[in-house]
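# Observations on the model geometry
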Amino acid sequence: MSKEFVDVLVIGAGPSGCVSSSYLKKNNVNVKVVEKTKFPRLVVGESLIPRVMDHFDEAGLFPALDKMGFEKKLGARFLRGHEVCIFDFSDKFGEGWDWTWQVPRADFDNTLAQEVINKGIDLEFETEVVDIRFNGTDSVTTVKNKDGETKEIHSKFVIDSSGYGRVLPRLLDLEKPSKLSPHSAIFSHVKDINREEGEEGTLISFDIIETEVWLWVIPFSNGNTSVGIVGPTDYIENLSENGDTTEALRKAISLSDYYVKRFGNVDFLFEPRHLKDYSCSVKQLFGDGYALTGNASEFLDPVFSSGMAFATESGMLAAKLALRQLNGEKIDWQKEYTDYILYGVDVFTTYVKEWYTGNLQELFFHRPENEDVKRKICAVLAGYVWNKDNPFVRKHDTVIKNLANLIKMEKQQEQS
C-alpha cells in the first residue's frame, strides 16, 4: 500500500474544507484534501448569511466567487398570510458584511474547489476515507479511490469537514441525537418562468404555512429558483401517501397563497429530494489530532441559513488552531474551539426553537415594528452570534420569550 505524508489532512471539499485548506496553504502548511464525491454535485444549503463573507475573504476565496455573478442576498423576507417582515442586512446592530449570496450549491462548491486546486492544494475527488488510526496527535488515514485502490495518508492533524458524510463521527463513535425536534424537508429547483422583474423576482422568502411549516423560495441568478418545504417529519411524510416527493412538493406549493401562481404550473428540474430528520450533533468537537467542522459536527435547521456560517466559522477556526499547534503552541481546544463554537450554536438553537414555538414569529410580525429590536435580531440572522454587545445574543435564552409574552399580554388586554 502506498503512503503519503502531509501536515494536515482535510476530509471534504465543501465550503468548510475549502476555507480550512486555503487558510493553511496561505500559511505554508502542507495540506491535502480528500473528497468522496465528484464535483459538481447537488447539495442543499443555498442561502448564505453575511458572516460567511468574512471567512471567504480571509481565506482568499472571495475574488473567485465574486466573479461568478451569483445572486446577491441583501436580506430576507418572511411572509405569514398578508403579514410581511423584511430584514435588511445593511440595517443591523454592530459591524459586519451587509450582503451575501444565494447560490446553486453545485456551481458554488465547484468554484470553491477549483480555486483551491488553483492555489496549488492537492485535492483528490472520488476518494473515500475507510479507516483512521491515531497515535497521539499523529494519524494514519486509509483512503480508497473510485478504482478501489487504497493508500495511507500520514498526517499531524486531521480536519473533518465531511458534512453529512460525518466521517470521523461514524468511525470514532461520536454521533449523538440533536436537541431539536425532528423536522424534515423536501426541495427541488424550477425554471422560474413566472419570475417578476426587479426585487420581487430575486428576493429570498420564507412563507409560513403553519407555525412549524414553511416554504422556502431562493431565486438564483441563472434563472432557476430553489423551492422547498420544511416542517415536522410527520407532517412532511403525510404530504404524500406513497412517499412521492413530487406529489408532496406540489401539494406544499398549493398551500402557499403567495407562491402557488408562480410555481404551481412549472416542472421540477430534478426529482425533489427528501431530507429526513436533518438535525444532528456529536459528543465532542475535537480530540487528539483532529477537529470536526461544519455539518460533520452539528446541523440545526435551515430556517435561518446558519449551516454554512457554522461550517466556515469552524473551518477557519480549526485551521488557525491547527496551525498554532503545528508551530509548537499548546492549544486549549476545549476553550478556544468547542466553547467558542458551541456558544454560537446555542444562540442559533434558541432562535430555531423560538421560531417553531411561534415566539419569534410574534416579534417578526408585531406592529408597529420596534426598529431597535429588529436591528438586533437582524444581526443574529446575519450570523454575528458571537457579538455579546448585542443583548439579543447575550440574553438569547430569555429575551425572545419574554418579549413575545409581553406582546401576547398586550393583545389579550386589547381584546378584553
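Treat the numbers as computed from the prediction; the structure is a model and nothing was measured.

### A closer look at the pairing of strand β3 (residues 31–34)
Burial along β3 is two-sided: the residues V31 and V33 and K32 and V34 are all buried. Sheet analysis places strand β2 (residues 8–11) next to β3, joined by 4 bridges and oriented parallel. What sits directly across from I11, in β3, is V34. The parallel pair β2 and β3 is bridged by helix α1 (residues 15–26), and the resulting crossover is right-handed. Of the strand pairs in this sheet, β3 and strand β8 (residues 122–124) are connected by 3 bridges, and their pairing is parallel. If you follow V34 over to β8, its bridge partner there is E124.

### Looking at the sheet that holds strand β21 (residues 290–292)
Strand order across the open sheet formed by 6 strands is β8-β3-β2-β12-β21-β20, with mixed pairing between neighbours. Strands with a single pairing partner mark the edges of an open sheet, and in this sheet they are β8 and β20 (286–287).

### Topic: the domain arrangement of the protein chain
Segmenting the protein chain into domains produces domain 1 (2–74 + 102–175 + 280–344), domain 2 (183–275) and domain 3 (356–415). On a C-alpha basis, the centres of domain 1 and domain 3 stand 33 Å from each other. The partner domain 3 presents 12 residues to the 13 residues of domain 1 that form the contact. At the boundary of domain 1 with domain 3, total buried surface from both sides reaches about 1100 Å², with 67% on carbon and sulfur atoms.

### Structural notes on the UniProt feature "domain: FAD-binding" (unreviewed entry) in the protein chain
What UniProt calls "domain: FAD-binding" (unreviewed entry) maps, in this numbering, to residues 6–175. The distance from the first to the last C-alpha atom of residues 6–175 is 27 Å, and the span holds 26% helix and 34% strand.

### Considering the environment of H154
Assignment of secondary structure puts H154 in strand β11 (residues 150–155). Judged by its relative accessible area of 18%, H154 is buried. Considering only alpha carbons, one finds H154 and F39, 115 residues apart in sequence, at a separation of 25 Å. Each residue touching H154, except ones within four places of it in the same chain, is listed here: K3, E4, F5, V6, S139 and V140. Within the local environment of H154, its side chain forms a polar contact with the side chain of E152, the two groups lying 3.3 Å apart.

### Some points on the sheet that holds β11
Across the sheet, 4 strands lie side by side as β1-β11-β10-β9; this open sheet has mixed pairing. Two strands lie at the open edges of the sheet, namely β1 (2–5) and β9 (127–135), each paired on one side alone. Sheet twist, expressed as the average angle between the axes of neighbouring strands with direction ignored, equals 25°.

### Considering the pattern of salt bridges
Going through the model one piece at a time under the given rule, you end up with 32 salt bridges. Of the charged contacts in the structure, one is a salt bridge between R41 and D109, with a shortest N-O distance of 2.8 Å. Taken together, the positions of R41 in the loop between β3 and α2 (51–58) and D109 in helix α4 (residues 105–118) put the pair 68 residues apart, joining distant regions of the chain. What makes D109 buried here is its relative accessible area of 0%. The partner of K374 in a salt bridge is E369, with the nearest N and O atoms 3.0 Å apart. Classification of K374 by relative accessible area gives buried; the value is 16%. Here the salt bridges share partners, and the residues they tie into one network are E4, K32, D122, E124 and K151.

### As for the layout of surface pockets
Empty pockets left among the atoms are what a rolling probe the size of a water molecule brings to light. Estimated volume of the largest pocket: approximately 990 Å³. Taken together, 50 residues form the lining of the largest pocket, with V43, R105, G163, Y164 and N295 sitting closest to its centre. Looking at the lining of the largest pocket residue by residue, the class counts come to 23 nonpolar, 17 polar and 10 charged. Formed jointly, the lining of the largest pocket draws a minimum of three residues from each of two domains, domain 1 (2–74 + 102–175 + 280–344) and domain 2 (183–275). One number sums up the size of the second largest pocket: a volume of about 250 Å³. Surrounding the second largest pocket, 16 residues form its lining, L363, H366, N370, V373 and I407 being those nearest its centre. Every element with two or more residues in the lining of the second largest pocket is listed here: β6 (83–88), α12 (359–365), α13 (371–381) and α15 (396–415).

### A word on the state of the cysteines
On inspection of all chains with the given rule, the structure shows 0 disulfides. Unpaired in this structure, C18 has its nearest cysteine sulfur neighbour in C280, at a distance of 20 Å. You can call C18 buried: its relative accessible area is 1%.

### Some words on the packing of α1 against helix α10 (residues 307–326)
Axis separation between α1 and α10 bottoms out at 8 Å; the angle between their running directions is 30°. Taken as axis vectors, α1 and α10 run roughly parallel relative to one another. As for the relative orientation of α1 and α10, their crossing is right-handed in sense. Only M308, A311, T312, S314, G315, M316, A319, K320 and L323 of α10 make contact with α1, whose side of the interface consists of P15, S16, V19, S20, Y23 and L24.

### Digging into a negative patch on the surface
Taken together, the side chains of E241, D244, E247 and E271 define an acidic patch exposed on the protein surface. Here E241 shows up in the loop between α7 (233–237) and α8 (245–254).

### Describing the nonpolar core
Counting residues in hydrophobic clusters, the biggest one holds 114 residues, and the most contacted among them are F78, F304 and F364. Among the elements that make up this core, the one with the highest residue count is helix α11 (residues 333–357) (11 residues). Leave out the neighbours within four places in its chain, and F304 touches I49, F78, F348, Y351, V352, W355, L360, F364 and L381. The next biggest cluster of nonpolar side chains, apart from the first, holds 18 residues, and it includes I186, V213, V217 and A248.

Rules used in this analysis
- Residues numbered from 1 in each chain as written.
- Predicted model: local features only at pLDDT ≥ 70, side-chain atom pairs only at ≥ 80, totals over all residues.
- Heavy atoms only, no water.
- Buried < 20%, exposed > 50% of the residue type's maximum accessible area, 1.4 Å probe, protein only.
- Helix = DSSP H or I, 4+ residues; strand = E, 2+ residues; numbered from the N terminus.
- Pairing = 2+ DSSP bridges.
- Right-handed = clockwise from strand over helix to strand, strands pointing away.
- Domains from an automatic or database assignment.
- Contact = heavy atoms within 4.5 Å.
- Buried area = accessible area lost by both parts, 1.4 Å probe.
- UniProt positions renumbered as here; feature names shortened; annotations may be inferred.
- Polar contact = N/O pair within 3.5 Å; in protein donor to acceptor, adjacent residues only side chain to side chain.
- Axes fitted to C-alpha atoms, helices over the stretch in contact; angles between N-to-C directions.
- Salt bridge = Lys/Arg side-chain N within 4 Å of Asp/Glu carboxyl O.
- 1 Å grid on protein atoms, 1.4 Å probe; cavity = no way out; pocket = protein on both sides within 12 Å on 5 of 7 lines; lining within 4 Å.
- Points joined across faces, edges and corners; volume = space filled by probe spheres on them.
- Nonpolar A, V, L, I, M, F, W, Y, C, P; charged D, E, K, R; others polar.
- Disulfide = S-S within 2.5 Å.
- Parallel < 35°, antiparallel > 145°, perpendicular 65-115°, else oblique.
- Left-handed = near helix turned anticlockwise from the far one by under 90°.
- Patch = residues over 30% accessible without salt bridge, like charges linked within 9 Å, V, L, I, M, F, W, Y side chains within 5 Å.
- Areas by Shrake-Rupley, 256 points an atom, 1.4 Å probe, with all protein chains shown as cover.
- Lys, Arg positive; Asp, Glu negative; His and termini not counted.
- Charge placed at Lys NZ, Arg CZ, Asp CG, Glu CD.
- Core = buried A, V, L, I, M, F, W, Y, C linked by side-chain atoms within 4.5 Å.

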